[in-house]
Amino acid sequence: MRVSESLTLANLTGPGIGPQTWPLPQLDSVGVRVGGHSRVTIRNGKTVGFSTGIYFVDTTNSTIENVTTQRNRFGFYIHTSHNNAVKGSDVEFNIYGLHLQNSDDNLLQGNLLARQTYNSPGGYGLYMYASARNRVLENTIDSNINWGMWFSEAKDNVVFHNNVIGNNPQVSDNETSNVWYDAQTKEGNYWSDYKGKDADGDQVGDTPYPILGPGTMVDPYPFVEKDGWTKKRRATIDHYEPAAPHAPRAVTIVALAGGAVKSMHPDANRASDLLARDSRNVTQIALGTDERTVYSYTDRFVVAQDIVTGNATAKQALTVDGIVAANRDGHSLMVVGSTGVEQIDLETGQNEYFDYHGQPEALAPSYKHNHVFVATARGIDLLYLNLGGRTPYTIPVDGIPVAMAMAGSGTRIYVAVGGQKIIDVVDTEQYAVVDHIAVDVAATSLAISPREDVLYVGSAGGVEAITIRTKTRIAAAAFLGSVVDLAVSPNGDQLYVALAGLSHAIAVADAPGLRVANLIELEADPSRILVASY
């Protein structure tokens, strides 16, 4: 192993970003590659137009300092490398900005991670996968087209004194061990979309900033101005208290049964028709991102109905027959079928058609722009509507997927494999199965708790509740009838079970214990259930 080397970097221009190789690193052209070395310093200069600007692999105790890297597929890729530092560098206009993969105990300080572009997957300022105990300090993470920071399986990292501005969304974290502030000074980060106030004038907001992902993680000491830690003149006045439990949200169960859309409260005896008109011959229903708008697909028309006000609005006719889902942009609806994909802008009424010839079994819209995961017999297609409906990659799974459910944070998809007693766990950015959960049944339906800690598995004979971290079964319930669909209350306290065959009903069970509290009778077999909340 070579040690104690220093490289002053010239301005290096490469041959271009190269083809997409994700989830593997792209190494067709690399500006600077450091592999198996220790105590190497790379400083000054620029790398432009490479597949990877600077690539560290199996590297320790080394530094990247004052380097500009632009218009690469990866700006910096830190791979199985530990105890390194990336400082004072400008990482802009790449597909990926600063990427850590299986890399621990690194320092990321004083960098500009801005304006990464979108060529999905990509568009991130900082991406951290399976990396622990890293420190992220004094960086500006600005206007990246997707996430400012995405942490997946990244644990015990500390993040503070960063400016996080205008990313979409700002952050996602599927762990509960990362710390988003400095515990000693009680100082966090500046978030441009922070809505709180600083009534006492200490530069720190009086209410926490929520971190997207399970576990209700927060930055408890968010700054109210950019670079607020440089302007702060006195100690933080500590207002932080763990959030009190939210008042339970009101819930309406919506079921598609016998071509009609039914609505019911969890304590009802029978269901009633939801739609005053167009309530028959419905083949698909979907829930909007506002969690209160129900979309019904009937005779190639979509009807949108607000579950609270009852107002229904018919949309124009569609050309595609398939599975319906709401895009996470909040104003678009898509229909994916074997003859193509049609997306409707629900604000303008404009339709857009995309070429697609898969056989969809289920959909999971992504947080990314116009990107949806489609379960088919060959695996899970990555369908990019922004690229004209192109499907550049299919995630292989361990058999034919019969059901899938995406975690609320968007970082995981759980896939039931037909005829097998196994659930595949797919990382939505690694585009790979990263774990398996063994179950006692051949699953036909899945649902995930709001805190992403319990997986509910439906089968022909009943339901199991399984803790995701320990993969242990904590409860089970048997039913008279086949379980065809599951849904969880946003309060996390109830599971709703659609039963067909010997029983036409919705069972209401407590969660996660699965004790049945109510059985709501239906006139026909249900095929789909949703939970609207407000």
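The preceding data block contains the structure.
Residues numbered from 1 in each chain as written. Predicted model: local features only at pLDDT ≥ 70, side-chain atom pairs only at ≥ 80, totals over all residues. Heavy atoms only, no water.

Student: What's the story with the nonpolar core in this structure? I'm lost.
Tutor: Here is a general trend for soluble globular proteins: nonpolar side chains tend to be buried in one another's company. Counting residues in each nonpolar core, the largest one holds 33 residues, and the members touching the most others are Ile 42, Leu 126, Met 149 and Trp 191. Among the elements of the structure, β3 (30-35), β4 (40-43), β6 (52-57), β9 (74-79), β12 (96-101), β15 (124-129) and β18 (149-152) are those that each provide at least two residues to this core. (Core = buried A, V, L, I, M, F, W, Y, C linked by side-chain atoms within 4.5 Å. Buried < 20%, exposed > 50% of the residue type's maximum accessible area, 1.4 Å probe, protein only. Helix = DSSP H or I, 4+ residues; strand = E, 2+ residues; numbered from the N terminus.)

Student: How should I be thinking about the pattern of salt bridges in this particular structure?
Tutor: Side chains bearing opposite charge may pair, as long as their charged atoms lie close to each other. Scanning the model with the defined rule gives 18 salt bridges in all. For Arg 412, the salt bridge goes to Glu 153, with nearest N and O atoms at 2.6 Å. Placement of the pair is Arg 412 in strand β41 (residues 412-417) and Glu 153 in the loop between β18 and β19 (158-160), with a sequence separation of 259 residues. For Arg 412, a relative accessible area of 4% gives the class buried. Salt bridges sharing partners connect three or more residues here, namely Asp 104, Asp 105 and Arg 133. (Salt bridge = Lys/Arg side-chain N within 4 Å of Asp/Glu carboxyl O.)

Student: Explanation requested: the environment of Ser 192 in the structure shown.
Tutor: Looking at the element boundaries, Ser 192 is found in the loop between β22 (190-191) and β23 (209-210). Accessibility expressed as a relative area gives 33% for Ser 192, which makes it partly exposed. The spatial distance from the C-alpha of Ser 192 to the C-alpha of Tyr 240 is 20 Å, given a sequence separation of 48 residues. Only 3.1 Å separates the side chain of Ser 192 from the backbone nitrogen of Gly 166, close enough to count as a polar contact. Polar side-chain contacts of Ser 192 include one of 3.1 Å to the side chain of Gln 170. (Polar contact = N/O pair within 3.5 Å; in protein donor to acceptor, adjacent residues only side chain to side chain.)

Note that all results are geometric; they support no functional claim without further evidence.
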